[in-house]
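# Structural characterization, general
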2 protein chains.
Amino acid sequence: MRYYPDPARDIDLRRVNRAIEEAFAEHARGHVQMPPKLYVTLEKGDFRTMPAYIPSLGIAGVKIVNVHPGNPSLGLPTVMALTVILDVETGRPESILNATGLTDLRTGAAGAVAAKYLSPKRKVRLGLVGSGRQARAQVMAIGQELSITEVLVWSRNRANAEKFCEDPLLPECRSEDLKTVCDCDILVTTTPSREPLVMDRWISGGTHINAIGADAPGKQELDPAILRRATVFVDDPAQAIHSGEINVPIAKGLFDPGRIAGTLGEVVIGRKGRKSPDEITVFDSTGLAIQDLAIAAIAMGSAEAIDLPFL
Amino acid sequence: MRYYPDPARDIDLRRVNRAIEEAFAEHARGHVQMPPKLYVTLEKGDFRTMPAYIPSLGIAGVKIVNVHPGNPSLGLPTVMALTVILDVETGRPESILNATGLTDLRTGAAGAVAAKYLSPKRKVRLGLVGSGRQARAQVMAIGQELSITEVLVWSRNRANAEKFCEDPLLPECRSEDLKTVCDCDILVTTTPSREPLVMDRWISGGTHINAIGADAPGKQELDPAILRRATVFVDDPAQAIHSGEINVPIAKGLFDPGRIAGTLGEVVIGRKGRKSPDEITVFDSTGLAIQDLAIAAIAMGSAEAIDLPFL
């Protein structure tokens, strides 16, 4: 058995995007096993257990991930994760990966796959609502697929947006007000908001939106009028209805789940997609266990590991 | 983060029995969180993901365990397991335990708790149907609670039963035919059988039976007539109906789930129990995630660990 303490380091983002793309395609083909995430509630947060099996990649395992919003005040990340990989032939535990960084990257990769297939333009101005770790992961992953001409960033705390842009690995980047950020080709929302931040009137036809922040009941970032005007794709319908961007509008009767246009996997295999350059497309991401397995498969190929006795 | 490669070694079986007993009591009081086990099917077996949280023990985590019947031909155990423990305050992964041996022991401990409360005698003749690792774990755990005068063992392969009895740590032990083994005070069945092995006419009033082997749909070891005559306790009703000793009789209309007398936890807290020395009692064990957490809590207190970097 091997433990990978830092498998996100130096990982090839383009290979990650391809692996995530293939995992979504297998999901659309019905070739994966992925029971619904299990939630256990603790006093100050929760943890989620996410098992899956992707036969075409020969990989099976479980990600265990917490969400503790008070952790940053203790100097710890809000989200930390481990992934356990089993040998598919014998069920023997094969690898354990620190999946905290991988979780950021696999979510970024899903956004990149969505942008690749759903953006009508190849050269794009990227708008970011939120300036945390996931915002950066989205820029880096999308940059593998499309040419990013500039990045406009809004944060509730402007200083955070300005600090974000200091990263020398990013494309040209500047802090802007929220409305200006929304005037872009691809908008990425990554906040923990529980009320709409992005107003319908700010979004032009042809925009693609990655709605990443909402991952639990009660969270939302977009004016529901955007969802009604847009073509909405999800990673997994059951998870999106339960905890994605559409969860609050559905609960309030402002969005009909029957309006979900399809899954990202269906887009990847060409069964669904954008129909015109003028429509607004939304990718509602909640995060799937198969993404965690796909990125683990890449990481195990190159990252440094510690050997551990088992049996 | 710490990894415990061999946490079952030198563990205090009596302390394990007490921790398992307390976990069952908390289960009966409704003080634990334990979503239903998730099953993922692989080509040659399956794996199960078992998260839980026991607030009174301050422990939360997930066991991941496979069942691959063909493994022994490869020199590997049928069942292997890892348990991941999270810090309940922050959700941070705290410990990883090799849970293969612990799984044997926590199942044995549940049998010991059942025998302690449900056997009408304190000095007992123990009958074993099946002579594998779990049979031994049951004897060792029950021996902490009751005085075992002799052990009678049946195995489909008589040589295995004879070999079993060579273990110098066991009480007086001999191989017998199946019918003779059933003439005992406490009968423990631990086989992977898919048809009844133990016939109703062989079981005398007053016998307590630990039905351990059936842990998946289609498995059974007891003549359903025994279940109809007995007072049947389960570890968890939903799991027992799905995959315990009662699963096949229920599916065939030979046992009414309404006849379940209660849970082992309810027995421990005195809400349910044996009513007369002459009745037959059955404990139908499927294995609960809270047992895995309870034994992990004991093991982490004493076992040797390897420090691992995390973050």
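All values derive from a computational prediction rather than experimental measurement.

## Observations regarding the overall build of chain A
Helix and strand counts for chain A stand at 10 helices and 17 strands. For a compact globule of 311 residues, the expected C-alpha radius of gyration is about 19 Å, and chain A comes in at 19 Å, within 12% of that figure. Projected onto the principal axes, the alpha-carbon positions of chain A cover approximately 60 × 40 × 40 Å. Counting across all 311 residues of chain A, residues that qualify as buried make up 57%. Long-range contacts, defined as pairs at least 24 residues apart, comprise 71% of the intrachain contacts of chain A with a sequence gap of at least 6.

## Overview of the relation of the copies chain B and chain A
It takes a turn of 179 degrees to lay chain B on chain A, together with a shift of 0.0 Å along the axis; the resulting RMSD is 0.1 Å. Seen this way, the second copy is the image of the first under a two-fold rotation axis. Ranked by how close their C-alpha atoms come to the rotation axis, the residues of chain B are headed by T49 of chain B, at 3.9 Å. Comparing interface residues between copies, 98% of those in chain B also sit at the interface in chain A, which points to an isologous, same-surface contact.

## What about the packing of helix α2 (residues 100–118) of chain B against helix α3 (residues 133–142) of chain B?
Residue and element names in this part refer to chain B. It is at 8 Å that the axes of α2 and α3 come closest, and there the two elements cross at 45 degrees. Considered as vectors, α2 and α3 are oriented oblique to each other. Judged by the sense of rotation from one axis to the other, the crossing of α2 with α3 is right-handed. In this structure, α2 contributes D104, L105, T107, G108, A109, G111, A112 and A115 to the contact, and α3 contributes R133, Q134, A137, Q138, M140, A141 and I142. Looking at the contact of α2 with α3 residue by residue, the class counts come to eight nonpolar, five polar and two charged.

## Some points on the domain arrangement of chain A
Residues and elements named next belong to chain A. As assigned here, chain A comprises domain 1 (2–102 + 290–307) and domain 2 (109–287). Computed over C-alpha atoms, the centres of domain 1 and domain 2 are 23 Å apart. Taken together, the 14 residues of domain 1 in the interface contact 18 residues of domain 2. Looking at the side of domain 1 that touches domain 2 element by element, the count peaks at 10 residues for helix α1 (residues 13–28). By residue class, the composition of the side of domain 1 that touches domain 2 is seven nonpolar, three polar and four charged.

## Quick look at the environment of G108 of chain B
Among the secondary structure elements, G108 of chain B is positioned in helix α2. Excluding residues within four positions of it along the chain, G108 of chain B makes contact with Q134, A137, Q138, M140 and A141 of chain B.

## A short note on the interface of chain B and chain A
How big an interface is tends to be reported as the loss of accessible area on association of its parts. Contacts between chain B and chain A engage 41 residues on the former and 40 residues on the latter. Elements represented by at least two residues in the side of chain B that touches chain A include exactly β2 (38–42), β3 (45–54), β4 (59–67), β5 (81–86) and β6 (93–98) of chain B. Among the elements that make up the side of chain B that touches chain A, the one with the highest residue count is β3 of chain B (five residues). Split by residue class, the side of chain B that touches chain A holds 26 nonpolar, 11 polar and four charged.

## Comments concerning the sheet that holds strand β17 (residues 306–307) of chain A
Residue and element names in this part refer to chain A. The sheet built from seven strands is open, its strands ordered β2-β3-β4-β5-β6-β1-β17 with mixed pairing. Looking at strand neighbours, the two that pair on one side only are β2 (38–42) and β17, the edges of this open sheet. The sheet contacts of helix α10 (residues 289–302) involve β1 (2–4), β3 (45–54), β4 (59–67), β5 (81–86) and β6 (93–98), and relative to β3 the element is tilted by about 70 degrees.

## As for the packing of α1 of chain A against α10 of chain A
All names here are of chain A. One can describe the packing of α1 onto α10 by two numbers: an axis separation of 9 Å at closest approach and a directional angle of 140 degrees. Judged on the interaxial angle alone, α10 and α1 are oblique. The interaxial crossing formed by α1 with α10 has right-handed handedness. Residues R15, V16, A19, I20, E22, A23 and H27 of α1 touch α10, and the partners they reach there are I290, Q291, A294, I295, A297 and I298. A class-by-class count of the residues in the contact of α1 with α10 yields nine nonpolar, two polar and two charged.

## Description of the pairing of strand β16 (residues 281–284) of chain B
Residues and elements named next belong to chain B. Neither face of β16 is left uncovered, since the one carrying T281 and F283 and the one carrying V282 and D284 both have all their residues buried. The sheet contact formed by strand β12 (residues 208–211) and β16 spans four bridges and is parallel. Within β16, the position partnered with A211 by the bridge is D284. Across four bridges, strand β14 (residues 231–234) lies against β16 in parallel orientation. Opposite T231, over in β16, you have T281 as the bridge partner.

## Concerning the sheet that holds strand β9 (residues 173–175) of chain B
All names here are of chain B. Across the sheet, eight strands lie side by side as β9-β8-β7-β10-β12-β16-β14-β15; this open sheet has parallel pairing. Looking along the sheet, the strands with just one partner apiece sit at the ends: β9 and β15 (260–263). Neighbouring strand axes in the sheet, compared pairwise and without regard to direction, differ in orientation by 20 degrees on average. Where β14 and β15 come together, three bridges link them in parallel fashion. The residue bridging V232 from the neighbouring strand is I260, located in β15. In the packing of α2 onto the sheet, the strands contacted are β10 (186–189), β12 and β16, and the crossing angle to β12 comes to about 165 degrees.

## Observations regarding helix α3 (residues 133–142) of chain A
The periodicity of an α-helix, 3.6 residues per turn, causes residues three or four positions apart to be oriented the same way. Of all 10 residues in α3 of chain A, eight are buried, a share of seventy percent or more. Considered for burial, the residues of α3 of chain A that qualify are Q134, A135, A137, Q138, V139, M140, A141 and I142 of chain A.

## Quick notes on α10 of chain A
Residue and element names in this part refer to chain A. Here α10 contains 14 residues, and its C-alpha end-to-end distance of 21 Å stays within 8% of the 20 Å for a straight helix at 1.5 Å per residue. Within α10, 11 of the 14 residues are buried, leaving the element largely enclosed by the surrounding structure. Of the positions making up α10, those classed as buried are A289, I290, Q291, D292, L293, A294, I295, A296, A297, I298 and A299.

## Things to note about the environment of P224 of chain B
In this structure, P224 of chain B sits in helix α6 (residues 224–229). On a C-alpha basis, the gap between P224 of chain B and I246 of chain B in space is 8.1 Å, while along the polypeptide they are 22 residues apart.

## Regarding the environment of E89 of chain B
Assignment of secondary structure puts E89 of chain B in the loop between β5 and β6. In this structure the C-alpha to C-alpha distance between E89 of chain B and I59 of chain B, which are 30 residues apart in sequence, comes to 10.0 Å.

About the cut-offs
Residues numbered from 1 in each chain as written. Chains lettered and ligands numbered in written order. Predicted model: local features only at pLDDT ≥ 70, side-chain atom pairs only at ≥ 80, totals over all residues. Helix = DSSP H or I, 4+ residues; strand = E, 2+ residues; numbered from the N terminus. Rg over C-alpha atoms; globule rule 2.2 N^0.38 Å. Buried ≥ 20, exposed ≤ 12 C-beta atoms within 10 Å, placed from the backbone. Contact = placed C-beta atoms within 7 Å. Least-squares fit on C-alpha atoms with pLDDT ≥ 70 in both. Axes fitted to C-alpha atoms, helices over the stretch in contact; angles between N-to-C directions. Parallel < 35°, antiparallel > 145°, perpendicular 65-115°, else oblique. Left-handed = near helix turned anticlockwise from the far one by under 90°. Nonpolar A, V, L, I, M, F, W, Y, C, P; charged D, E, K, R; others polar. Domains from an automatic or database assignment. Pairing = 2+ DSSP bridges. Expected span 1.5 Å × (residues − 1).

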